[in-house]
Number of protein chains: 4
Amino acid sequence: MTAQLDSFYPTRVDFGTLDEIHRAAAAALPAEVLDFVEGGAGKEITLRENRAAFDRWRILPAPMSGVGAPSTRTEFLGMPLATPILTAPFGGDALFHAEGHPAVARAAQARGALSVVPEAGSFSYQRVRAAAPEAARIAQVHPFGHAAMVAERAARLGYEALCVTLDCPVGGFRTRNMANRFDPDQRHFAGNLTGADGAPGVAEVFGQLLKRGGMVWDWAELAIAATGFGLPWIAKGVLTPATAERALAIGASALVVSNHGGRQVDPAPASLDMLPAIRAAVGPEVPILLDSGIRTGSDVFLALALGADAVIIGRAAIYGLAAAGQAGVDRVLELLTEELRTLMILAGTPSIAAIDRSRIQRAA
Amino acid sequence: MTAQLDSFYPTRVDFGTLDEIHRAAAAALPAEVLDFVEGGAGKEITLRENRAAFDRWRILPAPMSGVGAPSTRTEFLGMPLATPILTAPFGGDALFHAEGHPAVARAAQARGALSVVPEAGSFSYQRVRAAAPEAARIAQVHPFGHAAMVAERAARLGYEALCVTLDCPVGGFRTRNMANRFDPDQRHFAGNLTGADGAPGVAEVFGQLLKRGGMVWDWAELAIAATGFGLPWIAKGVLTPATAERALAIGASALVVSNHGGRQVDPAPASLDMLPAIRAAVGPEVPILLDSGIRTGSDVFLALALGADAVIIGRAAIYGLAAAGQAGVDRVLELLTEELRTLMILAGTPSIAAIDRSRIQRAA
Amino acid sequence: MTAQLDSFYPTRVDFGTLDEIHRAAAAALPAEVLDFVEGGAGKEITLRENRAAFDRWRILPAPMSGVGAPSTRTEFLGMPLATPILTAPFGGDALFHAEGHPAVARAAQARGALSVVPEAGSFSYQRVRAAAPEAARIAQVHPFGHAAMVAERAARLGYEALCVTLDCPVGGFRTRNMANRFDPDQRHFAGNLTGADGAPGVAEVFGQLLKRGGMVWDWAELAIAATGFGLPWIAKGVLTPATAERALAIGASALVVSNHGGRQVDPAPASLDMLPAIRAAVGPEVPILLDSGIRTGSDVFLALALGADAVIIGRAAIYGLAAAGQAGVDRVLELLTEELRTLMILAGTPSIAAIDRSRIQRAA
Amino acid sequence: MTAQLDSFYPTRVDFGTLDEIHRAAAAALPAEVLDFVEGGAGKEITLRENRAAFDRWRILPAPMSGVGAPSTRTEFLGMPLATPILTAPFGGDALFHAEGHPAVARAAQARGALSVVPEAGSFSYQRVRAAAPEAARIAQVHPFGHAAMVAERAARLGYEALCVTLDCPVGGFRTRNMANRFDPDQRHFAGNLTGADGAPGVAEVFGQLLKRGGMVWDWAELAIAATGFGLPWIAKGVLTPATAERALAIGASALVVSNHGGRQVDPAPASLDMLPAIRAAVGPEVPILLDSGIRTGSDVFLALALGADAVIIGRAAIYGLAAAGQAGVDRVLELLTEELRTLMILAGTPSIAAIDRSRIQRAA
């Protein structure tokens, strides 16, 4: 009888929980690198609020719903997802594990997730895509003057969408990095600026723009550049309805509701707290990703219920990567998905689409 | 004069307080078993909220009420209760104390309480009932395909009601168990699946159903099966008015408002927080038990004031069992009842029926 | 210049702060006696709420008000108060310091405060009154059958008012005492039951009543007895408008809004939280004392602003008594009054009567 | 590329963060002096609330706003500010660093900030002004009978405005000082009462007034004296609309919304919590400074957004002074301004005037 009762009391080999993965990552990383990952801007209010916002909601059980085998399948901009999770385009990935984003993308591919590949990562768009072409379908870029060039190059490499990070014209006031005098080797952020596949001139353009000291395109400039992208583009760093509407007005195909993991404006509102108003403002059709604060399967459930179509994991993916490379990220995706699936059974939601506002309520 | 003043400053032999019993249980149990008992699902938000919900209410003193000797007597589905407390149908009871549910039921019988006897306990329905027939009057069952068979068998053994656990089609995402790689001997959960009194075929049916991976009856199937129960049945795991109404519509005679002690959906609402809306939805006549979070006599008072007819204690009973077997459970019941009685005097409520919404108010 | 600037940065000899007095008391008392003093009933929610309730309010500074020398003088039932503070009728005072309530009353007299002398103290009404007749003007009594006898006796001794404790028909569920198996020598509570000045029969009556197990007079009985008191009487243990109105209807001259320091009903509302509604219910003329939670001069200010005419200190007085006998209580009264006076200057309130609702606002 | 990416991950020499400066100050100061600086009155509720009030607000990111080089320039009463920060007129400055306010003012001058020079500091108005005439333009005075004399003297020394501290007719009930029997050498507070530049008679007048025990001018007296000031004057210690209106009615040119850093009335409301109502009461034209609680650049941003024109830093400046004299204060001003500038880029506010209520929202 033992084996048949196992599903009631799940046990795990390897990493049993996301906390274990976190601890393993913390043990593997130098303290200043861990702080770089874990830290936020200013007083880290937003960092904490990104987590606390999830605790303001409750999921309603729906027993006897007949949902024994829910499906976590969905899609984003036409790209299939076996689980509603994307990995974030975090830079400096080789600081966390030598295999960096290629390992992340391979794990995502194995689990049917997607990876957003960073411009400022340790590996080039080309190398990450080559490692896992079914996952590495979205290239991230900063909206500096070279963005159109980058877009052209990403399209040539087969990427199907661009993710434009709007909220980083200058680095946030990162208290822990300042305390640590953190000064990482910039090569870990230069995967797309050096090496054999770098398009001529990009490094120069990027450097020149940064020298201008935080000057960024305004919306009008972005609109002009966007027309040249040739790919659908996703506006990342949307935290207000006003920003959402502007991004859509100039042609964004999707939004990432995000405060950059609490690393830019502090005290900014939590991503999850702003999600409902943004969804209400743009209507039900615009694809929305929720980024900042996702650590558990219940977080995924709540984000979907409040209007997201899928979520982006940043730190959670980094923890997996630092803990065990591809296998660590794989386990993170597995645990998140498994908890999500358990909740879908218990809440009576057979599909991702069924996870809506009626399934949750505000905390007492 | 000393003896006459004693009632003002009560002192105790043996376990002085429920905290002491808890500490004794914690000392007696292996760490992973304690975690199995204490833990909840996910982030354990619901686990904490089940307790915190009680702190959102205040009891109003009513001095000079003339209530010197209140009665804690009541009844549930026609079964008398000397104190409005039932013990929960927790499985794996031999993990906590070799005497398991028979000891629990004997303690309940001695105190005039009732025991709900589990399907997945360490002892069979027959053995627990034999140990304490005045307490062991309700048999718990999971709504798998074999439920009708189990009901027939329970009725034959003299049980007077069935308690159908609705909210456990699959085990919750129990973080501590996963961290501990908790893998208990399944025989402790198989009291009704093996042994001389097992009806032929039950073990096979149960195993086969579980192999189907969480598939459960839906409401329609449950309705059909319920007609075959031959006993009044109690729907356990009700946390919303909608679930309450469905359960009553297909024939439930009573409800247990419960989130399974925070062990299934996390973050689900606290049981106590949902109780008033459920009571309002079903009206004053439906018997309701409140489960999840009861640890003190004031918790019992508040649950009754908010609409419950009696409460179920799970972890509190386990602590007593682990600490000292039957004597420990006895002391738990005594302490809960004594605090309840003290509060009834001070709040001016002569009877269980007098404990209503007018006796309490929201915390400031 | 040094001396002239001193008032800006006050320094103290002896006990510098109430915290020091508390620490000295904690060091002086056996652990179980300290727990007896500090503890509350049940989960001690009310104990904590009694303190937290003060933090829900803010005092508004009123600079340039011309109030340089405010007066803390007032009166209660015609008895003058140099500071709006009474000491509580706590029993068992010899457990805290050999000199007990006589020392408390002497300190109160020296500071122009009043003492409420307990029935269950270590010293008789006669001895406490003899020690400090200008402070020991109110005798406390429990409303058992002997109350009229006690009242007659107190009047004969010169007491000018009775304080009838309504909320103690049975001791609260005092968790710490139960944990400690606290079993104090009952002689410390028998100052009015033995000895040369005990009226014949009182001890027997009291004992007999207690044997009846918490039976108390109801309001009707109290009304009849009250007519025989021959003294104005104060209803102590009022926590709702309903209780206040009943007490006044049967002849009470004043009220003590109190939850017995969180020692009876837990979780009862905080005394301060209930004060405004009680004041509103009874109108501006009824004298009201606030008891439960006073530890600082700002607490006194807030209680007065919310409708009290004066406050009762229980634990704060015990801390002073335990720390240094009469001198300790004296210092407690001095520190409370000095902080109150400082706040009166800064809030622009020249008199106790000027401290009203307009001087405070709810916390943000 | 390394240098060009630096702005994304700022690193610091010397003190990396304000926390480091705080720790250095704590290490440099005797415990009782640190307590004198850090402590507040009473229970220190106001002290904590002054900080907590900032956490009740969130700043809204405004990506793609084109604000790459915002200006932090503004002015106060016609005096230019390169950053919207003034240093507070704290007394006893030589207790913190031998160079005291002259060092503070030099740091302010170097950063284009202003210093308010205290009457009760360790150095005279003359010496501080001589050290940094572009920063030391405002002299603080207490509204005792000698104020007109002080005003005349300050004007003669070239000061352009007076800051009249309204909220200190008597020292607050400073618990930590009382616990420490803090008795500082009063010469550290007598920079304007002794020495070569002391106007004859001032020390005597001040001493005589203090002997009167907290008697202060009332509004009428202040109005008469104010006419003799010959300088615009700033009312410091305004915490309610009523006080603001009275101060303006008798001729104040500007207000400092302040509760004296939680050192006077406790529990007073937080300065920031009262700012919006005061701004609403006096209209948009009256210059308002916010004092009490500023520790970070985000605090400055929020204070401006809620109605302040600039802020005053007290403890933050003392930490810098104690940590490293002028260099420490310089670094404090640099860090505050740098974080403010970063937030202005990210929130899309090109100027101080652009930081308004529309840029923030209440916390969830």
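Each chain carries its own residue numbering, running from 1 in the written order of its sequence. Labels are handed out in written order, letters beginning with A for the chains and numbers beginning with 1 for the ligands. For a predicted model such as this one, the threshold for reporting local features is a pLDDT of at least 70, and the threshold for listing and counting side-chain atom pairs is 80 or more; totals across whole chains, interfaces and linings nevertheless cover every residue. Here the side-chain values reflect all heavy atoms present in the structure, with hydrogen atoms and water set aside.

The name given to chain A in an unreviewed UniProt entry is Alpha-hydroxy-acid oxidizing protein, and the organism recorded there is Nocardia terrae. UniProt positions are given in the numbering used here, feature names are shortened, and annotations may be inferred rather than shown by experiment. Heading Cofactor (unreviewed entry) of the UniProt record for chain A holds this comment: "FMN". Word for word, the UniProt comment on chain A under Sequence similarities (unreviewed entry) is "Belongs to the FMN-dependent alpha-hydroxy acid dehydrogenase family."

Peer 1: Help me understand the overall build of chain A in this model?
Peer 2: Numbered from the N terminus, helices here are DSSP runs of H or I no shorter than four residues, and strands are runs of E no shorter than two. From N to C terminus, chain A includes 14 helices and 12 strands. Values of the radius of gyration come from C-alpha atoms, whereas the globule rule sets the reference at 2.2 Å times the count of residues to the power 0.38. Taken over C-alpha atoms, the radius of gyration comes to 20 Å for chain A, in line with the 21 Å a tight globule of 364 residues would show. Partitioning the contacts of chain A with sequence separation of at least 6, the portion at a separation of at least 24 is 72%. With residues, only the protein chains shown are counted as cover, and all accessible areas are computed by Shrake-Rupley using a 1.4 Å probe. With the model as given, the accessible surface of chain A reaches about 11300 Å², and the carbon-plus-sulfur share is 53%. Any two residues whose heavy atoms approach within 4.5 Å are treated as being in contact.

Peer 1: When you look at the interface of chain D and chain C in this model, what are you seeing that I'm missing?
Peer 2: Interfaces are often sized by the amount of accessible area the parts lose when they come together. Between chain D and chain C, the contact holds 51 residues from the first and 41 residues from the second. What counts as buried area is the accessible surface, traced by a 1.4 Å probe, that two parts surrender upon association, with contributions from both included. Between chain D and chain C, roughly 4100 Å² of surface is buried when both sides are summed, and carbon and sulfur atoms account for 68% of that area. Basic side-chain nitrogens of Lys or Arg form a salt bridge, by our definition, when they fall within 4 Å of a carboxyl oxygen of Asp or Glu. Linking chain D to chain C there are 4 salt bridges. Linking K43(D) and D299(C) is a salt bridge whose minimum nitrogen-to-oxygen distance equals 2.6 Å.

Peer 1: In this structure, what is going on with the packing of aromatic side chains? I would like to understand it.
Peer 2: Here the distance between the centres and the angle between the planes together describe a pair of aromatic rings. Residues and elements named next belong to chain A. We call Phe, Tyr and Trp rings a pair once their centres come within 6.5 Å, taking the six-membered ring for Trp, and we label the pair stacked below 30 degrees between planes, edge-to-face above 60, and tilted otherwise. According to the stated counting rule, one finds 20 aromatic pairs over all chains in the structure shown. Summarising the aromatic geometry, the rings of Y125 and Y159 are spaced 5.9 Å apart at their centres and angled 65 degrees between planes, so their arrangement reads as edge-to-face. Taken together, the residues Y125 in helix α6 (residues 125-131) and Y159 in the loop between α7 (147-156) and β7 (161-165) connect sequence positions 34 residues apart. To sort residues, take the accessible area from a 1.4 Å probe on protein chains only and compare it with the maximum for the residue type: under 20% means buried, over 50% means exposed, and anything in between is partly exposed. Residue Y159 is classed as buried on the basis of its relative accessible area, which comes to 2%. In textbook terms, an aromatic cluster arises when at least three aromatic residues are bridged by ring pairs, as seen for F36, F90, F96, F182 and F189. Here, a charge over a ring is recorded when the distance from Lys NZ or Arg CZ to the ring centre is within 6 Å and its angle to the ring normal is within 35 degrees. Looking at R129, its charged tip hangs above the ring of Y159, at a distance of 5.7 Å from the centre. Lying across the ring of F36, R263 places its NZ or CZ 5.1 Å from the centre.

Peer 1: Got a minute to help me understand helix α4 (residues 45-52) of chain C in this structure?
Peer 2: Since the α-helix packs 3.6 residues into each turn, any two residues three or four apart lie on the same face. Of all the positions in α4(C), only I45(C), T46(C), L47(C), E49(C) and N50(C) are classed as buried. For α4(C), the secondary structure elements touched by its buried residues are β1 (57-59) of chain B together with α3 (31-38), α8 (175-180), α12 (271-282) and α14 (315-347) of chain C.

Peer 1: Help me understand the UniProt feature "binding site: glyoxylate" (unreviewed entry) in chain A, please; the structure alone is not making it clear to me.
Peer 2: Residue and element names in this part refer to chain A. The positions that UniProt labels "binding site: glyoxylate" (unreviewed entry) are, in the present scheme, R174, H260 and R263. Taken together, the annotated residues stretch across 90 residues yet fold into one region, lying no more than 12.1 Å apart by C-alpha. Considering the arrangement of structural elements, one finds H260 in the loop between β9 (254-257) and α12 (271-282). The exposure class of H260 is buried, given its relative accessible area of 19%. Dropping the residues within four chain positions of it, H260 is found in contact with T165, D167, C168, R174, K236, D291 and S292. Along the chain, the position of R263 falls in the loop between β9 and α12. If we ignore the near neighbours within four places in the chain, the residues touching R263 are F36, V37, G39, G40, A41, G172, R174 and R315.

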